[in-house]
Amino acid sequence: MMLSKSVASGPIKSAIDIINRFTIPGKVGVAGIIIIVLMAALAPFITFYGPSEISGKSLEPPGPSHILGTDELGMDVWSQLCYGARMSLVIGLAVALIAGLGGGALGILAGYVGGIWDALLLRAIDITLALPNFPLLIVIAAFLGPNIVNVILVLVLFSWAKPARIARSQTLAMKKQKYVISARLYGASPLYIIRRHLLPEVLPLIFVSIVNLSSYAIVAESGLAFLGLGDPTSKSWGMMLYYATHFRSIYFTPYWQWWLIPPLVALIFLLLCLAFIGRDLERVVDPKLRKKGD
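As the structure is a prediction and not an experimental result, all values here were calculated from the model. (Residues numbered from 1 in each chain as written. Predicted model: local features only at pLDDT ≥ 70, side-chain atom pairs only at ≥ 80, totals over all residues. Heavy atoms only, no water.)

What follows is about helix H7 (residues 148-157). Most of H7 is tucked away: seven of the ten residues are buried. Every buried residue belonging to H7 is among Ile148, Asn150, Val151, Ile152, Val154, Leu155 and Val156, and all of these are buried. Buried residues belonging to H7 abut helix H4 (77-113), helix H6 (133-144) and helix H10 (190-226). (Buried < 20%, exposed > 50% of the residue type's maximum accessible area, 1.4 Å probe, protein only. Helix = DSSP H or I, 4+ residues; strand = E, 2+ residues; numbered from the N terminus. Contact = heavy atoms within 4.5 Å.)

Attention now moves to the environment of Arg168. If you trace the backbone, Arg168 turns up in helix H8 (residues 161-175). Those residues in contact with Arg168 that lie beyond four places of it in its chain are Gly107, Gly111, Asp118 and Leu122. A polar contact is formed between the side chain of Arg168 and the side chain of Asp118, at a distance of 2.5 Å. (Polar contact = N/O pair within 3.5 Å; in protein donor to acceptor, adjacent residues only side chain to side chain.)

For Ser159, the position within the fold is in the loop between H7 and H8. Of note is the side chain of Ser159, whose polar atom sits 2.4 Å from the backbone oxygen of Leu155. Aside from chain neighbours lying at most four places away, what touches Ser159 is Val95, Ala99, Leu213 and Tyr216.

Attention shifts here to the nonpolar core. Grouped together as the largest cluster of nonpolar side chains are 36 residues, with contacts concentrated most on Val95, Ile108, Leu137, Leu155, Trp160 and Leu198. At the level of secondary structure, the elements contributing two or more residues to this core comprise H4, helix H5 (115-130), H6, H7, H8, helix H9 (178-185) and H10. It is H10 that contributes the most residues to this core, ten residues altogether. If sequence neighbours within four positions are ignored, Leu198 has contacts with Ile108, Tyr112, Thr171, Met174 and Ile193. If you look at the next biggest cluster of nonpolar residues, it comprises 35 residues, including Phe22, Leu81, Val211 and Leu281. (Core = buried A, V, L, I, M, F, W, Y, C linked by side-chain atoms within 4.5 Å.)

This paragraph deals with the layout of surface pockets. Looking at the largest pocket, its volume works out to about 840 Å³. Around the largest pocket, the lining is made up of 27 residues, and of these Phe22, Phe207, Val211, Ile277 and Leu281 lie nearest the centre. Those elements that provide at least two residues to the lining of the largest pocket are helix H1 (2-20), helix H2 (24-41), H4, H10 and helix H13 (261-285). Counting residues per element, the lining of the largest pocket draws most heavily on H10, which supplies seven residues. Of the residues that constitute the lining of the largest pocket, the class distribution is 23 nonpolar, two polar and two charged. (1 Å grid on protein atoms, 1.4 Å probe; cavity = no way out; pocket = protein on both sides within 12 Å on 5 of 7 lines; lining within 4 Å. Points joined across faces, edges and corners; volume = space filled by probe spheres on them. Nonpolar A, V, L, I, M, F, W, Y, C, P; charged D, E, K, R; others polar.)

Running from N to C, H6 and H10 point in directions that differ by 55 degrees, and their axes come no closer than 11 Å. Classified by the interaxial angle, the pair formed by H6 and H10 is oblique. Between H6 and H10 lies a crossing whose hand is right-handed. Within the contact between the two elements, H6 uses Asn133, Phe134, Leu137, Ile138 and Ala141 and H10 uses Tyr216, Ala220, Gly223 and Leu224. (Axes fitted to C-alpha atoms, helices over the stretch in contact; angles between N-to-C directions. Parallel < 35°, antiparallel > 145°, perpendicular 65-115°, else oblique. Left-handed = near helix turned anticlockwise from the far one by under 90°.)

This part is about unusual backbone geometry. Backbone geometry at Leu59 places phi at a positive 55 degrees, although glycine is not the residue there. Positionally, Leu59 belongs in the loop between helix H3 (43-46) and H4. Among the residues examined, Leu59 registers a relative accessible area of 11% and is labelled buried.

Structural data, given as structure tokens:
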């Protein structure tokens, strides 16, 4: 029991130590992310209506029954905002984890094995990074259809290259270390070397890539939704912006104040929090930046 408790407290203590080394903006970013996660998790308890429930008059201004008013169909904007946080976080986290961990694994394997596999991966990375991402995102998303799974797959397709390149570069540098060469000469298996020596050095950089990729995925999903290529059944912040901006005369009426501003402010706030966290996390885990900061 004591062993399991100490093992469980290890990652938590490490995370707290890392956060304590953040700057004030970084700590504000962590607090902001916690607030957004709690808003998404507690959405059924802090809202009075469902996100798709017609609960009031069309375009009703903020009041006691609807604290952020209603949209054109009479749906509560506050409920859509809380449930939309779930969708934006799920898309950002799913794309970041799949692309970050998958690309990182490919980079580590190709960098360690070398040869033709490394050359093929390097060419694939170069091609992916050279492609105009957003225009191709629009074309592929339009071809596959507006679906959350399709949006995630399309975003992963254009997101894996950067973490793969970072992991490959770090692996190539680690292969030249004397203790890695010694382990290989003493007969250590590639799996053991990767797990014991390479992963501890590469994984922190992959975590930084995951944070940065989550920002990219959220922005890209919002952009696709804004163009009408998002899932119309979802209540993401991007779809809220799409419906608000495509309402006729939205800017010539006071409706934009409670229909357009809340999802826009929430989206900007989330991206700023992720940017602050990513910057400080990169400074903490990267030895070069850490030395400069010191």
